[in-house]
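# Tertiary structure, described
Okay, here's what each chain looks like letter by letter:
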Amino acid sequence: MVAYDLFLISLAIVFAVTTALLSVLGAERWDLYYGFYLMEYLAVSTLFAFLNPRARTVLNRITYILIPGFGVILALKVAEILWGVRL
Amino acid sequence: MGLRRRTSKNVQRTSGHVSGVYTQVGLALLIAGLGLVVVALFLLNSVPLTSLGSAAVILSLIAFGLERSTPRLSPRMSLLLMEAGQDNIAALVEEMGSHSKAFYLPSSMTKDRPRAFIAADAAPDFSSLPTGPAYRTGGQAGMKALSQRRLIVHYGSDGHDTGILVATPGSGIASLLEERPGPTPGELEAALSKVLLGELDAARGVIVQGDTPSLTVRLSGVSAEAPALACQELLGSPLASIVASVAAEALDRPVVIVREERHGDSVTIELDSL
């Protein structure tokens, strides 16, 4: 499945480049990295909209897993701002 | 026996689907990712490396998911099934002695899946064919024959002309398209990309040029040599057959494959709609 391979390889390259760039820029925040990964995942998934319906269903389900993860990070940030608790 | 071609060599040459390849990739990414997270978090205290580990875990989730969406039927099994069906069509065409090109009909005309109509006459009178203009205006005997899903179709004013209505590799395409594609070259290109790139993994690029009635479809990065159809002179290659079926669905008109050329991994298909 060449399209699946291309999707995985594209995402791996994008994630690696993002990590390298943010690291060079001195980013030390988890939420920043995770937010970028999430946005890139959504963007690359949109570019591969021609994948078959079964694959798109799977990718949508993974989005449902990743978005709550961002919600957890956001909740931790809110807790840090409100109560000064850093996890 | 001229039209019948054995495709067993092609079947033998085609490698089977490597079962669980995405599961293996997913497992490797999961183990490497989790290992990197643990080491980077507790030993190195590095946020970028921990994030890289979590990215590998995300990729492993995707790989596991993609494994579940790969087709269960192996390419070899698919080829065997196709070979059996094509041998039957070849036998019919040979008995009929037809030398005219197939008309790819949309599902709206056959009241079923898209099919190909092959006229028995070497130079069929287009106006009397069940795919011709009279079909559209109604009152044509062929119209009834087409919609009755019969194999042998009698048409013409006296009903003495004969043809056959057969399923082709493109006949199953309608079920892969969520909705009927639009008639513009751009919409046809999007539909073909969805089918050939996303679903069948048969090419890496599709360009549609021209305008109805004549369209040119250029496929690039055609992945593998598809087995020759038993009656390729009439139906075209499997790829051309799929392209013609999608075009017939998009245009909602009969389509004929005028020319087909292959240069390396590129294929150019010229279509004419009636």
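This report concerns the structure included in the present document. All values derive from a computational prediction rather than experimental measurement.

Turning our eyes to something else, we now look at the overall build of chain A. Looking only at helices and strands, one finds three helices and zero strands in chain A. For chain A, the proportion of its 87 residues judged to be buried stands at 36%. Contacts in chain A between residues at least 24 apart in sequence constitute 63% of all its contacts with a sequence separation of at least 6. Carbon and sulfur atoms make up 74% of the accessible area of chain A, which totals about 5,100 Å².

Below, the discussion takes up the interface of chain A and chain B. Each partner contributes to the interface: chain A provides 32 residues, whereas chain B provides 27 residues. Inspection of the region where chain A meets chain B yields zero salt bridges. Contributions of two or more residues to the side of chain A that touches chain B are made by helix H1 (2-24), helix H2 (30-47) and helix H3 (53-83) of chain A. A per-element tally of the side of chain A that touches chain B places H1(A) first, with twelve residues. Broken down by class, the residue content of the side of chain A that touches chain B amounts to 24 nonpolar, three polar and five charged.

All names here are of chain B. In this structure, strand E5 (residues 205-211) lies alongside strand E6 (residues 214-220), joined through seven bridges in antiparallel fashion. In the strand pairing of E6, Gln209 is matched with Thr216. Turn length for the E5-E6 hairpin, with the two strands adjacent in sequence and antiparallel, is two residues.

In this section: the pattern of salt bridges. Enumeration over the complete set of coordinates arrives at five salt bridges over all chains. Across the salt bridge formed by Arg29(A) and Asp31(A), the nearest N and O atoms sit 3.2 Å from each other. By relative accessible area, which is 44% here, Arg29(A) ends up partly exposed. Accessibility expressed as a relative area gives 14% for Asp31(A), which makes it buried. The partner of Lys77(A) in a salt bridge is Glu80(A), with the nearest N and O atoms 3.6 Å apart. With Lys77(A) and Glu80(A) both in helix H3, this residue pair falls three residues apart, about one helical turn. Each of Arg259(B), Glu261(B) and Glu270(B) takes part in a single network of salt bridges with overlapping partners.

The first and last C-alpha atoms of H2(A) sit 26 Å apart over 18 residues, in line with the 26 Å expected at 1.5 Å per residue. Those residues of H2(A) that sit buried are Asp31(A), Tyr33(A), Tyr34(A), Gly35(A), Tyr37(A), Leu38(A), Glu40(A), Tyr41(A), Val44(A) and Ser45(A). On its buried face, H2(A) is in contact with H1 and H3 of chain A together with helix H3 (47-68) of chain B.

Let us now look at unusual backbone geometry. Residue and element names in this part refer to chain B. Although it is not a glycine, Asn45 sits at a positive phi angle of roughly 50°. Structurally, the position occupied by Asn45 is in the loop between helix H2 (21-44) and H3. A positive phi angle, close to 60°, is found at Asp252, a residue other than glycine. For Asp252, a relative accessible area of 28% gives the class partly exposed.

On to the nonpolar core, then. Formed by 42 residues in total, the largest nonpolar core has its most connected members in Tyr104(B), Leu192(B), Leu196(B), Leu219(B), Leu235(B) and Leu271(B). Setting aside residues up to four positions removed in sequence, Leu219(B) forms contacts with Leu196(B), Ala203(B), Gly205(B), Val206(B), Leu239(B), Val243(B), Asp265(B), Ser266(B), Val267(B) and Ile269(B). Tyr34(A), Leu51(A), Ala55(A) and Leu66(A) belong to the second-largest nonpolar core, a separate cluster that totals 30 residues.

On to the environment of Met109(B), then. Assignment of secondary structure puts Met109(B) in helix H5 (residues 107-110). On a C-alpha basis, the gap between Met109(B) and Arg253(B) in space is 8.3 Å, while along the polypeptide they are 144 residues apart.

Residue and element names in this part refer to chain B. Within the secondary structure, Ser237 is located in the loop between helix H10 (232-235) and helix H11 (238-251). The class for Ser237 is buried, based on a relative accessible area of 10%. A distance of 2.3 Å separates a polar atom in the side chain of Ser237 from a polar atom in the side chain of Glu260.

On to the packing of H1(A) against H3(B). The interhelical angle for the contact between H1(A) and H3(B), taken along N-to-C directions, is 170°, at an axis separation of 10 Å. Considering their axes alone, H1(A) and H3(B) lie roughly antiparallel with respect to each other. Taken together, the residues of H3(B) that come into contact with H1(A) (itself represented by Tyr4(A), Phe7(A), Leu8(A), Leu11(A), Ala12(A), Phe15(A), Ala16(A), Thr19(A) and Ser23(A)) are Pro48(B), Leu52(B), Ala55(B), Ile58(B), Leu59(B), Ile62(B), Ala63(B) and Leu66(B).

Basis of the calculations
- Residues numbered from 1 in each chain as written.
- Chains lettered and ligands numbered in written order.
- Predicted model: local features only at pLDDT ≥ 70, side-chain atom pairs only at ≥ 80, totals over all residues.
- Heavy atoms only, no water.
- Helix = DSSP H or I, 4+ residues; strand = E, 2+ residues; numbered from the N terminus.
- Buried < 20%, exposed > 50% of the residue type's maximum accessible area, 1.4 Å probe, protein only.
- Contact = heavy atoms within 4.5 Å.
- Areas by Shrake-Rupley, 256 points an atom, 1.4 Å probe, with all protein chains shown as cover.
- Salt bridge = Lys/Arg side-chain N within 4 Å of Asp/Glu carboxyl O.
- Nonpolar A, V, L, I, M, F, W, Y, C, P; charged D, E, K, R; others polar.
- Pairing = 2+ DSSP bridges.
- Expected span 1.5 Å × (residues − 1).
- Core = buried A, V, L, I, M, F, W, Y, C linked by side-chain atoms within 4.5 Å.
- Polar contact = N/O pair within 3.5 Å; in protein donor to acceptor, adjacent residues only side chain to side chain.
- Axes fitted to C-alpha atoms, helices over the stretch in contact; angles between N-to-C directions.
- Parallel < 35°, antiparallel > 145°, perpendicular 65-115°, else oblique.

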